[in-house]
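Residues per chain are reported as follows:
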Amino acid sequence: MRMSELFFTTLREDPADAEMPSHRLLLRAGYIRPLGAGIYSLLPLGMRVNMRVTQVIREEMNAIGAQEMLMPVVHPADLWRETGRYDQIGPEMGRFNDRGGRDMVLAMTHEEVVTDLLRKLINSWRQLPQQMYHFQTKWRDEPRARGGLIRVREFTMKDAYSADRDEAGLDRSYKLYYHAYTRIFARLGLEAIAVASDVGMMGGSLAHEFMAFSTFGEDSLVLCDGCGAAANRQVAAVRREVGASTPQEPLKEIATPGASTIDELAAQLKVPASTCAKAVFFADRDGRLIVAIVRGDDEVEETKLTNAIGARDLRPAREEEIRAAGMEPGYASPVGIKGATVVVDELVASTANMVAGANKAGYHLTGVNVGRDYTPTAVADIASAKVGDACLACGGQLRIENGIEVGNIFKLGTRYTGALGATYADEAGVSHPIVMGSYGIGVGRAVACIAEAHHDEKGLSWPISISPFDAQIAIVGANKDPKVTEIALALEVAAEAAGIELLVDDRAETPGVKFADAELIGAPWMITISPRSLEAGGAEVTRRSTGERSVLPIGAVLDAIRAAQASDRAAVEAELLARGYPPRHSARDPHPAA
RNA sequence: CGGGGUGUGGCGCAGCUUGGUAGCGCGCCUGCUUUGGGAGCAGGAGGUCGGAGGUUCGAAUCCUCUCGCCCCGACCA
């Protein structure tokens with residue numbers, strides 16, 4: 001490809017409204033352009049990276065026996081009514097009417113459609129298991145798009161689905177995807193780990209998220225270096241010391257003027273924050289008030305709270321809602337109130353004689369005991385894991401890092417097949433619902449994460465496996481010697497024949513511009529061909545990631561690139577093998593370990 | 001949806017407080033010179049100042065409403 005013909009432009013200055021490096025650089029280097037909030041065009045450079053990423057995913061999907069297909073973006077709403085999600089899902093789903101006035105939806109995901117196909121195509125146990133996937137556009141009207149391709153409203157997802165006859169089959173399928181995903185992210189140059197996660201709107205029983213480490217990550221990952229346990233903070237359980245059993249003291253009201261926060265309260269009473277009960281208020285979709293009680297040194301983890309009581313759409317409660325329930329913000333507790341759902345953290349439930357609000361401004365109660373002084377609706381682990389907490393599995397110290405979710409795998413079970421009546425007949429002719437899993441990767445987000453992980457102050461620096469071009473040629477000094485252009489273009493032709501894609505900078509720009517743009521665009525090698533390089537023996541080859549430079553005879557350049565590509569790929573495979581993730585597993589083969 | 005910010009040629013910004021002919025840098029076009037780290041000189045093109053309404057002799061500037069976008073929080077690949 002000649003750069004003079006490439007549909008793109010680089011920007012010399014950073015776009016004002018891009019913060020994250022991937023956003024900034026993908027814009028500046030001419031990979032993407034926004035159309036609206038969270039809606040992007042992929043320019044040819046961006047599309048090339050997208051295709052490379054897609055190809056890696058495709059190869060690994062095919063390797064586990066998944067079959068590529070394509071399902072529509074526009075669905076009849078009736079199908080979504082059958083699973084109940086048409087009403088469950090809020091404004092993040094795009095809805096419209098066709099010309100006949102029928103309700104239609106834009107795909108946010110494809111469980112409904114794939115399950116509809118299963119019920120139409122699968123009749124017998126002999127047809128199972130099945131694995132299928134596609135790359136398709138999703139529309140999710142996110143409340144807030146952000147960070148360029150990191151969180152957008154329209155995006156391409158690779159979503160795969162497994163269909164098995166029973167839980168054991170689903171276990172096997174799940175492990176296959178775990179295996180494939182590990183291989184995919186390694187091949188994409190992403191350091192990603194699988195963490196236990198919430199099942200969210202997908203439903204189902206077990207889920208892992210694959211998280212790319214990033215300081216800009218929106219999720220907090222709770223990690224144990226001791227045993228390798230990893231979980232999303234939303235669901236991370238930790239080992240918690242149970243309070244010593246102390247005799248219960250009588251309830252006593254004390255004046256605590258101005259102590260409307262836990263810090264002030266603990267300071268005023270000279271007691272540790274852990275002995276104070278913190279009340280946090282939420283309201284659900286129907287306006288029902290929910291009081292969550294955690295220890296003063298803990299925070300409420302909303303996802304855990306949501307799951308503990310099967311609530312939906314929690315939001316912070318408004319002050320008037322709290323007062324309406326008979327509580328005093330700043331001095332609130334469930335003691336003496338009625339009508340609210342009270343969820344108590346298990347640690348609070350096992351701690352005697354806590355300090356809690358008196359529901360009267362300026363007063364607290366001491367000697368508060370759960371069960372005696374108030375009755376909780378539920379007792380559950382609803383506190384956020386903290387740095388330094390003890391690992392549930394091994395007791396080791398936990399640490400917390402930020403990550404970006406690039407993929408997830410869900411055990412759906414019969415959530416959809418049950419609702420839609422997708423069944424098969426077993427050997428005895430008895431009908432059973434098909435057992436499903438679903439497995440997603442956001443392609444554009446993966447691209448953005450790779451850019452986050454592979455860039456420097458000068459620009460992008462793609463891994464060899466997914467760069468838009470294998471190398472970029474800077475033609476320098478063509479005015480002094482027309483031969484350099486000839487040689488460069490001949491090299492491009494030879495490369496094409498060898499299956500190597502070069503981007504040749506034949507523009508009438510000064511060398512400085514060409515070098516700067518090459519570094520911005522970030523192909524793994526920059527090849528300079530100039531009178532000077534020819535004199536030195538051929539082409540000057542610079543490795544983008546290291547800045548390492550050498551001069552090679554023109555005839556040796558392509559071989560060198562190919563050799564480097566091969567050894568890079570071999571190194572990734574060797575590492576994957578060492579970790580227990582060799583290539584090639586069929587869905588019907590026994591699986592090693594995952 | 002709450003909070004904060006911002007909207008002025010393709011990009012980055014000034015001008016707004018104190019109303020009076022819309023400016024700067026980069027990029028773009030033409031010519032000449034230049035050519036190994038974002039060239040120089042000369043000439044040139046390009047803007048309903050996000051939109052609507054209002055105040056005023058006069059609005060980028062003041063007022064009201066509205067829309068877009070970005071960032072921070074509650075949600076997700």
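Residues numbered from 1 in each chain as written. Chains lettered and ligands numbered in written order. Predicted model: local features only at pLDDT ≥ 70, side-chain atom pairs only at ≥ 80, totals over all residues. Heavy atoms only, no water.

Novice: Is there a simple way to think about the overall build of chain A in this case?
Specialist: In terms of regular secondary structure, chain A is built from 16 helices and 33 strands. For the C-alpha atoms alone, the extent of chain A along its principal axes is close to 95 × 65 × 55 Å. Counting all 594 residues of chain A, 52% fall into the buried class. Considering only intrachain contacts with a sequence separation of at least 6, the fraction spanning at least 24 residues in chain A is 70%. When the accessible surface of chain A is totalled, it reaches about 26000 Å², and 52% of it is carbon and sulfur. Counting 64 positive and 79 negative side-chain charges, chain A places the averaged centre of each group 1 Å from the other. (Helix = DSSP H or I, 4+ residues; strand = E, 2+ residues; numbered from the N terminus. Buried < 20%, exposed > 50% of the residue type's maximum accessible area, 1.4 Å probe, protein only. Contact = heavy atoms within 4.5 Å. Areas by Shrake-Rupley, 256 points an atom, 1.4 Å probe, with all protein chains shown as cover. Lys, Arg positive; Asp, Glu negative; His and termini not counted. Charge placed at Lys NZ, Arg CZ, Asp CG, Glu CD.)

Novice: How do you make sense of the nonpolar core when you look at a structure like this?
Specialist: General note: in soluble globular proteins, nonpolar side chains tend to be found buried as a group. Counting 66 residues, the largest nonpolar core has Y31, V53, M61, Y181, F185 and W462 as its most contacted members. It is helix α6 (residues 167-187) that provides the largest number of residues to this core, a total of 10 residues. Counting residues domain by domain, this core receives three or more from each of domain 1 (21-236 + 399-453) and domain 3 (469-568). The contacts of M61, once residues within four sequence positions are left out, are A66, Y133, K158, A160, Y177, A180, Y181 and I184. W80, I89, L118 and M436 belong to the second largest nonpolar core, which has 26 residues in total. (Core = buried A, V, L, I, M, F, W, Y, C linked by side-chain atoms within 4.5 Å. Domains from an automatic or database assignment.)

Novice: Would you explain the domain arrangement of chain A in this entry?
Specialist: A common way to express how large an interface is: the accessible area buried when the components associate. Entries for chain A in the domain assignment read domain 1 (21-236 + 399-453), domain 2 (252-380) and domain 3 (469-568). Between domain 1 and domain 2, the C-alpha centre-to-centre distance is 38 Å. Residue-level contacts link 7 residues of domain 1 with 6 residues of domain 2. Summed over both sides, the interface between domain 1 and domain 2 buries roughly 490 Å², with carbon and sulfur atoms accounting for 37% of that surface. Looking at the side of domain 1 facing domain 2, the largest losses of area belong to Q88, D198 and Q234, adding up to 68% of the total buried there. Linking domain 1 with domain 2 are 1 residue pair in polar contact (both at pLDDT 80 or more). Split by residue class, the side of domain 1 that touches domain 2 holds 2 nonpolar, 2 polar and 3 charged. (Buried area = accessible area lost by both parts, 1.4 Å probe. Polar contact = N/O pair within 3.5 Å; in protein donor to acceptor, adjacent residues only side chain to side chain. Nonpolar A, V, L, I, M, F, W, Y, C, P; charged D, E, K, R; others polar.)

Novice: Any chance you could explain the pairing of strand β19 (residues 354-360) here in plain terms?
Specialist: Consecutive side chains of a regular strand alternate in pointing toward one face of the sheet and then the other. Burial analysis of β19 places 6 of its 7 residues in the buried class, which makes it a mostly covered element. Summarising the sheet, β19 and strand β20 (residues 363-368) pair through 4 bridges and their orientation is antiparallel. Counterpart to G357 in the pairing with β20 is H364. Hairpin connection from β19 to β20: 2 residues lie between these consecutive antiparallel strands, with G362 at a positive phi of about 85°. (Pairing = 2+ DSSP bridges.)

Novice: Sorry if this is basic, but what is going on with the protein's contact with RNA strand B here?
Specialist: Among the 47 residues in the neighbourhood of RNA strand B, the closest are listed as R151, V152, N408, E519 and S530. Here V152 contributes a backbone N or O atom positioned 2.5 Å from a base nitrogen of RNA strand B. Here a base oxygen of RNA strand B sits 3.2 Å away from a polar atom, N or O, in the main chain of S533. Those elements that provide at least two residues to the surface near RNA strand B are β8 (154-164), β23 (398-413), α14 (511-521) and α15 (531-536). For the surface near RNA strand B, the leading source of residues is α14, giving 7 residues. Class assignment for the residues of the surface near RNA strand B results in 14 nonpolar, 12 polar and 21 charged. (Near = heavy atom within 4 Å.)

Novice: Explanation requested: the pairing of strand β2 (residues 39-42) in the structure shown.
Specialist: The pairing of strand β1 (residues 32-36) with β2 spans 4 bridges and is classified as antiparallel. Bridging from a neighbouring strand, R33 pairs with S41 of β2. Counted between consecutive antiparallel strands, the loop separating β1 from β2 contains 2 residues, among which G38 sits at a positive phi close to 70°.

Novice: Help me out: how do you make sense of the sheet that holds strand β15 (residues 277-283) in this one?
Specialist: In a beta sheet, neighbouring strands pair by backbone hydrogen bonds and run either parallel or antiparallel. With mixed pairing, the 5 strands of this open sheet are ordered in space as β17-β15-β16-β18-β21. Across the chains shown, the open sheet's two edge strands, defined by having one partner strand only, are β17 (315-316) and β21 (378-380). Its contacts with the sheet put helix α8 (residues 302-309) on β15, β16 (289-295), β18 (341-345) and β21, and the angle it makes with β16 is roughly 125°. (Axes fitted to C-alpha atoms, helices over the stretch in contact; angles between N-to-C directions.)

Novice: Teacher, can you tell me more about the packing of aromatic side chains here?
Specialist: Applying the stated criterion across every chain, the model contains 7 aromatic pairs. Ring centres 5.7 Å apart and planes at 35° place the aromatic pair F185 and F210 in the tilted group. Within this pair, whereas F185 is found in helix α6, its partner F210 is found in strand β10 (residues 206-213), the two being separated by 25 residues in sequence. The class of F185 is buried, set by a relative accessible area of 1%. Owing to a relative accessible area of 2%, F210 belongs among the buried residues under this scheme. Aromatic rings pair up to connect Y178, Y181, F185 and F210 into one cluster. Positioned above the aromatic ring of Y86 is the side chain of R81, whose terminal nitrogen or guanidinium carbon lies 4.4 Å from the ring centre. (Phe/Tyr/Trp six-rings, centres within 6.5 Å; stacked < 30°, edge-to-face > 60°. Lys NZ or Arg CZ within 6 Å of the ring centre and 35° of its normal.)

Novice: Would you explain the pattern of salt bridges in this entry?
Specialist: Under the definition given, this model contains 45 salt bridges. Between D225 and R399 there is a salt bridge, and its shortest N-O distance comes to 2.9 Å. Taken as a pair, D225 in the loop between β11 (219-224) and β12 (230-232) and R399 in strand β23 lie far apart in primary sequence, 174 residues in all. For R399, a relative accessible area of 30% gives the class partly exposed. The partner of R240 in a salt bridge is D298, and the shortest N-O contact between them spans 3.3 Å. Highlighted residues: R240 in the loop between β13 (238-239) and β14 (252-255) and D298 in the loop between β16 and α8, separated in sequence by 58 residues. Note on accessibility: R240 and D298 belong to one class, buried. What emerges from the salt-bridge pattern is a single network uniting R240, D298, K304, D345, E346, D381, K386 and D389. (Salt bridge = Lys/Arg side-chain N within 4 Å of Asp/Glu carboxyl O.)

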